[in-house]
Amino acid sequence: MHSYLFQPTFEFAQSLDKQDTLADFRKEFYIKQNSIYMDGNSLGLLSKRAEQTLFEVLGDWRELGIDGWTEGKHPWFYLSEQAAEMSASLVGASPEEVIVTGSTTVNLHQLVATFFKPEGKRTKILADELTFPSDIYALQSQLRLKGFNPETHLLRVKSRDGRYLHEDDIIAQMTDEIALIILPTVLYRSGQIIDIRRLTEEAHARGILIGFDGCHSVGAIPHHFSKWEIDFAFWCNYKYLNGGPGSVGSMYVNRKHFGTVPGLAGWFGSKKERQFDMEHALTPAETAGAYQIGTPHILSLAPLLGSLEIFHEAGIKKIREKSLQLTTYFMDLIKHELDGMEFTIGNPSDEKSRGGHISLEHKEAARICKALKANGVIPDFRAPNIIRLAPIPLYNTYEEVWKVVQMLKTIMRERQYEKFSNDRNVVA
Ligand SMILES: *Cc1c(COP(=O)(O)O)cnc(C)c1O
């Protein structure tokens, strides 16, 4: 990070915005007036370009009917591959190693169905106790399908403090009983970045396959999946990638695994030129495309095309630089302004292991979130005590970060949170 000498003033926030080379991208997004959106790591905002590609695809449907599959602005038959090609550089992959299909959880099911091959003593899966619940449910059910008891066959690395994972603890559990490891790239609560490269090397040295859930990092942090030789990854496109609610998910499969028979097969996994031969013997694609199942959800994919263009123009390196500066500034302000108010910063402070969001802990977190919302700030709450705040480089400003911290200060000083109940809403 270049020239940064923290000052708590509003003018300083303005000066950071003036130096911001990504500032113009904010105009591309629909930003609600009198509202500060800090939840782009749960659901990214709509951009005009994402809206435009959705309208274009709708237009092709209106004008072309069935012929939209092969004609029009974005022929639907190739849309998953087209979006994959546009995503590849964000994760450090070649285009054939990525496919945009399914959803996070479905893709995890597919990858485990394909790559979990219990043999002899190696029959267990290693995950961690801080990961997102859906991943655990998927792993438990995949174990059951293969005839194993998840109680004994799904191991979860423990966290020493409830926030972070230690790579050494993960490595210590890489025994000769483990067939497969699934870990997040970034922990969804504390925002800790897991050392993908080191863990991949250690897993491979022990003959274990390893895959990563990239939901909380792709679009926020550059990755080098192919250089690091991870076996596979999966992620969603509706968080940092702004693809819209229910946006189609993504998968990465390292090219060394091309040709591995898909665990869950379907006709969209066909080699494209063979798909309409309608043979009852599947000829899978020789790319990550082999792990698609059925017809892609075209209308949930279309906004991603426009959104990914923005990422290409901005560049993921620059996005990461601004993200780090935003979160550094956020933490400096919190320390300066909220001292003595019983907040704890529950995300890593060093840049190497800090993801894209701030995890602010407080025993009254649920109602502080409600008070923030009543004041026009959109955070998100993670039970029992976390306020997640994600300043997004493409559309948030330093001025907004300054205002959010001032708002928190006012809420605490005036005890505004006491007007609300300390429990969560249905979607938190
Ligand atoms: C958001 C998220 C999911 C969500 O999975 P869906 O199948 O898209 O509902 C899964 N894992 C992690 C780590 C997430 O952050």
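**Structural notes on the overall build of the protein chain**
Secondary structure summary: the protein chain contains twelve helices and 13 strands in total. Here the protein chain has a C-alpha radius of gyration of 22 Å; the compact-globule value for 428 residues is 22 Å, and the two agree. The principal-axis extents of the C-alpha atoms in the protein chain amount to approximately 70 × 55 × 40 Å. Taking all 428 residues of the protein chain together, the buried fraction comes to 58%. Within the protein chain, counting contacts between residues at least 6 apart in sequence, those at least 24 apart form 72% of the total. Summed over its atoms, the accessible surface of the protein chain is roughly 18,400 Å², and 52% of this surface lies on carbon and sulfur atoms. Taking the average place of the 48 positive charges on the side chains of the protein chain and the average place of its 54 negative ones, the gap between the two points comes to 4 Å.

**Quick word on the sheet that holds strand β3 (residues 124-128)**
Sheet strands line up and pair through hydrogen bonds in the backbone, either parallel or antiparallel. Pairing within the open sheet is mixed, and its seven strands lie in the order β2-β8-β7-β6-β5-β3-β4. Lying at the two open borders of the sheet, with one neighbouring strand each, are β2 (98-100) and β4 (154-157). Averaged over all pairs of adjacent strands, the angle between strand axes in this sheet comes to 20°, irrespective of strand direction. Direction of pairing for strand β7 (residues 232-235) relative to strand β8 (residues 250-253): antiparallel, over a ladder of four bridges. Residue pairing for β8: F232 is matched across the bridge by V253. Set on the sheet, helix α3 (residues 79-91) makes contact with β2 and β7; between it and β2 the angle comes to about 130°.

**Observations concerning the side chain of S80**
Mapped onto the secondary structure, S80 falls in helix α3. Here V100 takes part through its backbone oxygen, which lies 2.9 Å from a polar atom of the side chain of S80. If we ignore the near neighbours within four places in the chain, the residues touching S80 are I99, V100, Q292, P296 and L301.

**Focus: the pairing of strand β13 (residues 386-389)**
Both faces of β13 are covered, namely the face carrying I386 and R388 and the face carrying I387 and L389. Direction of pairing for strand β10 (residues 358-361) relative to β13: antiparallel, over a ladder of four bridges. For L360, the partnering residue across the bridge sits in β13 and is I387. Where strand β12 (residues 380-382) hands over to β13, the hairpin turn is made up of three residues, counted between the paired strands.

**Comments concerning the site of the ligand**
In the vicinity of the ligand, the contacting residues are S103, T104, T105, F132, D135, D213, C215, H216, Y238 and K239. At a separation of 2.6 Å, an oxygen atom of the ligand approaches a polar side-chain atom of T105. One of the side-chain N or O atoms of D135 is found 3.2 Å from a nitrogen atom in the ligand. The class makeup of the residues in the shell around the ligand is three nonpolar, four polar and three charged.

**Brief notes about the sheet that holds β10**
Taken in spatial order, the four strands line up as β9-β10-β13-β12 in an open sheet, and their pairing is antiparallel. Edge positions in the sheet fall to β9 (344-345) and β12, since each of these pairs with one other strand and no more. Running at roughly 20° to β10, helix α10 (residues 316-337) makes contact with β9, β10 and β13 of the sheet. Seen against the sheet, helix α11 (residues 365-374) touches β12 and β13 and runs at an angle of roughly 40° to β13.

**Things to note about the layout of surface pockets**
Volume-wise, the second largest pocket comes out at about 480 Å³. If you trace the second largest pocket, you find 20 residues lining it, with I193, I194, D195, K352 and S353 closest to the centre. Looking at the lining of the second largest pocket element by element, the count peaks at three residues for helix α8 (residues 196-205). In this structure, the lining of the second largest pocket is formed jointly by two domains, domain 1 (10-30 + 315-419) and domain 2 (51-312), each of which donates at least three residues.

**Re the packing of aromatic side chains**
Evaluation of the coordinates by the stated rule reveals 20 aromatic pairs. Ring plane angle 80° and centroid distance 5.5 Å describe the contact between W69 and W76, whose orientation is recorded as edge-to-face. When its relative accessible area of 23% is taken as the criterion, W69 is described as partly exposed. A relative accessible area of 8% means that W76 is categorised as buried.

**Describing a nonpolar patch on the surface**
A contiguous nonpolar surface patch, about 190 Å² in accessible area, is contributed by V106, L264 and I293. Classification of V106 as partly exposed rests on a relative accessible area of 39%.

**So, the pattern of salt bridges**
Summed over the entire model, instances satisfying the criterion amount to 27 salt bridges. With its nearest N and O atoms 2.7 Å apart, the salt bridge here joins E342 to K363. Placement of the pair is E342 in the loop between α10 and β9 and K363 in the loop between β10 and α11, with a sequence separation of 21 residues. As far as the burial class goes, E342 and K363 line up, both exposed. Here E418 and R415 are joined by a salt bridge, their closest N and O atoms 2.7 Å apart. With a relative accessible area of 44%, E418 lands in the partly exposed category.

Here is what the cut-offs are and how they apply
Residues numbered from 1 in each chain as written. Predicted model: local features only at pLDDT ≥ 70, side-chain atom pairs only at ≥ 80, totals over all residues. Heavy atoms only, no water. Helix = DSSP H or I, 4+ residues; strand = E, 2+ residues; numbered from the N terminus. Rg over C-alpha atoms; globule rule 2.2 N^0.38 Å. Buried < 20%, exposed > 50% of the residue type's maximum accessible area, 1.4 Å probe, protein only. Contact = heavy atoms within 4.5 Å. Areas by Shrake-Rupley, 256 points an atom, 1.4 Å probe, with all protein chains shown as cover. Lys, Arg positive; Asp, Glu negative; His and termini not counted. Charge placed at Lys NZ, Arg CZ, Asp CG, Glu CD. Pairing = 2+ DSSP bridges. Axes fitted to C-alpha atoms, helices over the stretch in contact; angles between N-to-C directions. Polar contact = N/O pair within 3.5 Å; in protein donor to acceptor, adjacent residues only side chain to side chain. Near = heavy atom within 4 Å. Nonpolar A, V, L, I, M, F, W, Y, C, P; charged D, E, K, R; others polar. 1 Å grid on protein atoms, 1.4 Å probe; cavity = no way out; pocket = protein on both sides within 12 Å on 5 of 7 lines; lining within 4 Å. Points joined across faces, edges and corners; volume = space filled by probe spheres on them. Domains from an automatic or database assignment. Phe/Tyr/Trp six-rings, centres within 6.5 Å; stacked < 30°, edge-to-face > 60°. Patch = residues over 30% accessible without salt bridge, like charges linked within 9 Å, V, L, I, M, F, W, Y side chains within 5 Å. Salt bridge = Lys/Arg side-chain N within 4 Å of Asp/Glu carboxyl O.

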